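Report on the structure
One-letter residues, chain by chain:
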Amino acid sequence: MRDYCIRAAGPDDLDGARAVMLDTVYRDFGTGYVPRWHGDIVDPTAAYLAPERHTLLVALAPHGGEVVATAALDSRGPAHPPNPRGLAERYPCGETAQLRRVYVRPGHRRRGLARRLVGELLAFAAADGGYRSVYLHTDPAVPGAEAFWRSLGTVVLDEREDPASGQGIIHFEIPMGR
């Protein structure tokens, strides 16, 4: 696991990062690319590299150096709609570090990469000084996602328990000091 290089993405990493992200939305989520949900995948520079308080991390394979995992953070809280109003109010933009695109290629899973990436994102959020909370949501249909996030954070809303919310996703808060 230690042979993987984790770093902030640069321009030379973007094609590889995009490939990891697109493969994940097609394979694991089964949705394919949906512009209103995945616009940041097409333009990660505008979403993560250009804004000062945002970041995109990549993990490079020990042999060959290809991008095999991604993780991003931005200052946009969950939007209402589609998320419940109370959630958007609890995690406002500018004060909320939202974790996004924590994806690992199947052949590189179960090696601690996602946990290392999240640790780096949490350190980034803490160093920023302006974030008061760390938020994310996940689709519990993705194998391993729910258990992974439960091991790191606290469920603040499980939409499966509230049929009116409609998306069936789980919303988490992760302690910044982890």
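First, a word on what this report is: a plain description of the structure on this page. Note that this is a predicted model, so its numbers are computed, not measured.

Time to look at the sheet that holds strand S4 (residues 96-104). The strand order across the open sheet formed by seven strands is S1-S2-S3-S4-S5-S7-S6, and the pairing between neighbours is mixed. Two strands lie at the open edges of the sheet, namely strand S1 (5-8) and strand S6 (154-158), each paired on one side alone. Strand-to-strand twist across the sheet, computed as the mean angle between neighbouring axes with direction ignored, equals 25°. The sheet strands contacting helix H5 (residues 113-128) are S1, strand S2 (55-60), strand S3 (67-74), S4, strand S5 (133-138) and strand S7 (170-174), and the helix crosses S3 at an angle near 30°.

Along the chain, Asp40 falls in helix H2 (residues 35-42). A relative accessible area of 8% means that Asp40 is categorised as buried. Reaching out from Asp40, the side chain makes a polar contact with the side chain of Arg101 at a distance of 2.8 Å. Sequence-distant contacts of Asp40, that is, excluding residues within four places in its chain, are made with Ala47, Tyr48 and Arg101.

Conventions adopted
Residues numbered from 1 in each chain as written. Predicted model: local features only at pLDDT ≥ 70, side-chain atom pairs only at ≥ 80, totals over all residues. Heavy atoms only, no water. Pairing = 2+ DSSP bridges. Helix = DSSP H or I, 4+ residues; strand = E, 2+ residues; numbered from the N terminus. Axes fitted to C-alpha atoms, helices over the stretch in contact; angles between N-to-C directions. Contact = heavy atoms within 4.5 Å. Buried < 20%, exposed > 50% of the residue type's maximum accessible area, 1.4 Å probe, protein only. Polar contact = N/O pair within 3.5 Å; in protein donor to acceptor, adjacent residues only side chain to side chain.

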